[in-house]
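# Structure assessment
Chain residues, written in single-letter form:
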Amino acid sequence: MALIKVAINGYGTIGKRVADAVDAQDDMEVVGVSKTGPSFGCELAAKKGFPLYCTTDESARIASFSSGGYECRGGLSDLLAIADIVVDCAPGKMGADNLSKYTAAGVKHVFQGGEKHSLTGLSYSSNANHAENLDADGTRVVSCNTTGLSRTLVPLYEHCGSLKVECTMIRRAADPGDSNKGPINAIKPVLKVPSHHGSDLMTVKPEIEINSLAVAVPTTLMHVHTIIADLPEGHGLTTESVIEMWRGTPRVVVMHGERHRLTTTAEVMEMARDIGRKWGDLHEIFVWEDGVKLVGDRLYYFQAIHQESDVIPENIDCIRALMGTEPDWRVSVAKTDRAISDYYNL
């Protein structure tokens, strides 16, 4: 079978990670990545051997790469012309303009969670709705927070048959590389009630009843979710069986905070660096075992989300879904994760 030709439009925080993840797979290849102009990211792409393109077709912008010492193969149209599918990792609010370009080029497309569901009318999460995305022309991988909710709530729903959830997103203020965001010395509530995170989960799993609140706090490390899930009568679960369910769930890590001295997001991120993850990434959702408690039919738990990386493997599974090459989400997830692990020699 021919390799899936993947273009990455936007080689930044998410794009560089998706490019590596694609490069790790044996059924797809990176045919090019795009940048707005010459920058250090171009140097990184060159070292990886990824062909470099400009995000526009403007001749002056394309020419600026050579003046910066980089070979640019052409504009976005040139990149789309050689691709089967494009993963859009451009800054938010550019989706509508980019979508028209992808549609005109006849290229399948994957957007990120910064864009709205209405852009494509379809969203994606590996364990929630892989089948619904098979052979679609385009979709949107849901946000890092929504991906985190999906990872732990969908297995609960599938066991119980129904689920009612209230949760609060304690959000990092900015990614580590951002210097123009806040708050600096405040806790900032998101005064849109409920927040969009619950409704976003329902774009991939509408059967789960969920409402959410959100606050932004002055950290760059991770998001934390505090979750209360009401289970139906007769669910048959215990605290211990819920924990074991998550231990058997792909891309979920359950560890005892006190026993392993991982009681904060700083310590969780240090663990990711200690085990050799590139960029200190943690693709998995981190659940504190000692923060899980089932009281009657009500489940309480905490989980942590690494906002820069948990959606990366989802993008790979999403590519296979849109291309129709793997209908079983569990098979795709296992293939994706194994390839990424081997790629980084983890």
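Here is a short report on the structure shown in this document. (Residues numbered from 1 in each chain as written. Predicted model: local features only at pLDDT ≥ 70, side-chain atom pairs only at ≥ 80, totals over all residues. Heavy atoms only, no water.)

## A word on the overall build of the protein
The test is simple: Secondary structure elements are defined from DSSP: runs of H or I of at least 4 residues count as helices, runs of E of at least 2 residues count as strands, and each element is numbered from the N terminus. Based on C-alpha atoms, the radius of gyration is set beside the globule rule, defined as 2.2 Å times the residue count to the power 0.38. Exposure is judged per residue with a 1.4 Å probe applied to protein chains only, and the accessible area is read against the type maximum: over 50% gives exposed, under 20% gives buried, and values in between give partly exposed. Only heavy atoms matter for contacts: two residues are in contact if any of them lie within 4.5 Å across the pair. Shrake-Rupley sampling with a 1.4 Å probe provides the accessible areas, and residues are treated as covered by the protein chains on show and by no other component.
Scanning the protein from terminus to terminus reveals 13 helices and 15 strands. Since a compact globule built from 346 residues should have a radius of gyration of about 20 Å, the 20 Å found for the protein is in line with a globular shape. Taken over 346 residues, the protein has a buried fraction of 54%. Taking the contacts inside the protein whose residues are at least 6 apart along the sequence as the reference set, 70% of them involve residues at least 24 apart. On the protein, roughly 14,900 Å² of surface is accessible, and the fraction owed to carbon and sulfur atoms is 52%.

## Re the packing of aromatic side chains
The description of an aromatic ring pair uses the distance of the two centres, along with the angle that the planes make with each other. For clarity, the threshold we go by: Stacked, tilted and edge-to-face are the three classes assigned to paired rings of Phe, Tyr and Trp, where Trp is represented by its six-membered ring and a pair needs centres within 6.5 Å; plane angles under 30 degrees give stacked, over 60 edge-to-face, the rest tilted. Criterion for a charge above a ring: Lys NZ or Arg CZ within 6 Å of the ring centre, and within 35 degrees of the ring normal.
Using the criterion set out here, one finds five aromatic pairs in the structure. Centre to centre, the rings of Tyr11 and Phe50 are 6.3 Å apart; their planes meet at 80°, and the pair counts as edge-to-face. Placement of the pair is Tyr11 in the loop between strand E1 (4-9) and helix H1 (13-24) and Phe50 in the loop between helix H2 (40-48) and strand E3 (52-54), with a sequence separation of 39 residues. Centroid distance Tyr343 to Tyr344: 5.2 Å. Interplanar angle 70°. Geometry classified as edge-to-face. Taking relative accessible area as the criterion, Tyr344 reaches 22% and is therefore assigned partly exposed. It is Lys278 that lies over the ring of Trp279; its NZ or CZ is 4.4 Å from the centre.

## Focus: the side chain of Lys205
Operational definition: Charged-residue counts in this description rest on Lys and Arg as positive and Asp and Glu as negative, His and the chain ends being excluded. Any Lys or Arg side-chain nitrogen found within 4 Å of a carboxyl oxygen on Asp or Glu counts as a salt bridge.
Within the fold, Lys205 resides in the loop between helix H8 (196-201) and strand E10 (209-217). Summary of buried charges: Lys205 has no salt-bridge partner, and the nearest side chain of opposite charge, Glu207, is 4.3 Å away.

## Let's talk about H1
Cut-off, in case you're wondering: A helix's residues, less one, multiplied by 1.5 Å, set its expected span.
Along its 12 residues, H1 runs 18 Å from first to last C-alpha, staying within 8% of the 16 Å computed at 1.5 Å per residue. Among the residues of H1, Ile14, Gly15, Arg17, Val18, Ala19, Asp20, Ala21, Val22 and Ala24 are the ones counted as buried. Looking at the buried side of H1, the elements it contacts are E1, strand E2 (28-35), H2, strand E4 (85-88), helix H12 (312-323) and helix H13 (329-343).

## As for the sheet that holds E3
Picture the strands of a sheet paired through backbone hydrogen bonds; they go either parallel or antiparallel. We count it as follows: Think of it this way: DSSP has to see at least two bridges between two strands before they count as a pair.
Reading across the sheet, the seven strands line up as E3-E2-E1-E4-E5-E7-E6 and stay open at both edges, with parallel pairing between neighbours. The sheet is open, and its two edges are formed by E3 and strand E6 (123-124), each paired on a single side.

## A look at the packing of helix H7 (residues 144-160) against helix H9 (residues 239-247)
Rules: Angular values range over 0 to 180 degrees, each being the angle between N-to-C directions of two axes fitted as lines to C-alpha atoms, with helices fitted over their stretch in contact. For this classification, under 35 degrees means roughly parallel, over 145 means roughly antiparallel, 65 to 115 means roughly perpendicular, and everything else is oblique. Two helices cross in a left-handed way if the nearer one is turned anticlockwise from the farther one by less than a right angle. They cross in a right-handed way if the turn is clockwise. Ten residues, namely Ala, Val, Leu, Ile, Met, Phe, Trp, Tyr, Cys and Pro, are considered nonpolar, four, namely Asp, Glu, Lys and Arg, are considered charged, and the remaining ones, Gly among them, are considered polar.
Look at H7 against H9: their axes get within 10 Å of each other, and the N-to-C directions meet at 120°. One way to sum up the angle between H7 and H9 is to call them oblique. Here H7 and H9 pass one another in a crossing that is right-handed. Across the interface between the two elements, Thr152, Pro155, Leu156 and His159 of H7 pack against Val242, Met245 and Trp246 of H9. Taken together, the residues that form the contact of H7 with H9 break down as five nonpolar, two polar and no charged.

## Considerations on the pattern of salt bridges
One pass over the full model with this rule turns up 23 salt bridges. For the salt bridge of Lys101 with Asp97, the shortest nitrogen-to-oxygen distance reads 3.5 Å. With Lys101 and Asp97 both in helix H5 (residues 95-105), this residue pair falls four residues apart, about one helical turn. Exposure remark for Asp97: the relative accessible area of 46% places this residue in the partly exposed category. A salt bridge links Arg251 to Asp317; the shortest N-O distance between them is 2.7 Å. Here Arg251 is found in the loop between H9 and strand E12 (252-255), whereas its partner Asp317 is found in helix H12, with 66 residues between them in sequence.

## Quick notes on the nonpolar core
Stated precisely, the cut-off is as follows: We define the nonpolar core as a collection of buried residues of types Ala, Val, Leu, Ile, Met, Phe, Trp, Tyr and Cys that are connected through side-chain atoms lying within 4.5 Å of one another.
Ranked by size, the top nonpolar core spans 41 residues in total, and within it Val6, Ile8, Val18, Val22, Val33, Val87 and Ile319 carry the most contacts. Going through the elements one at a time, E1, H1, E2, H2, E3, E4, H12 and H13 are the ones with two or more residues in this core. Listed in part, the 32 residues of the second largest apolar core include Ala128, Leu149, Val204 and Leu237.

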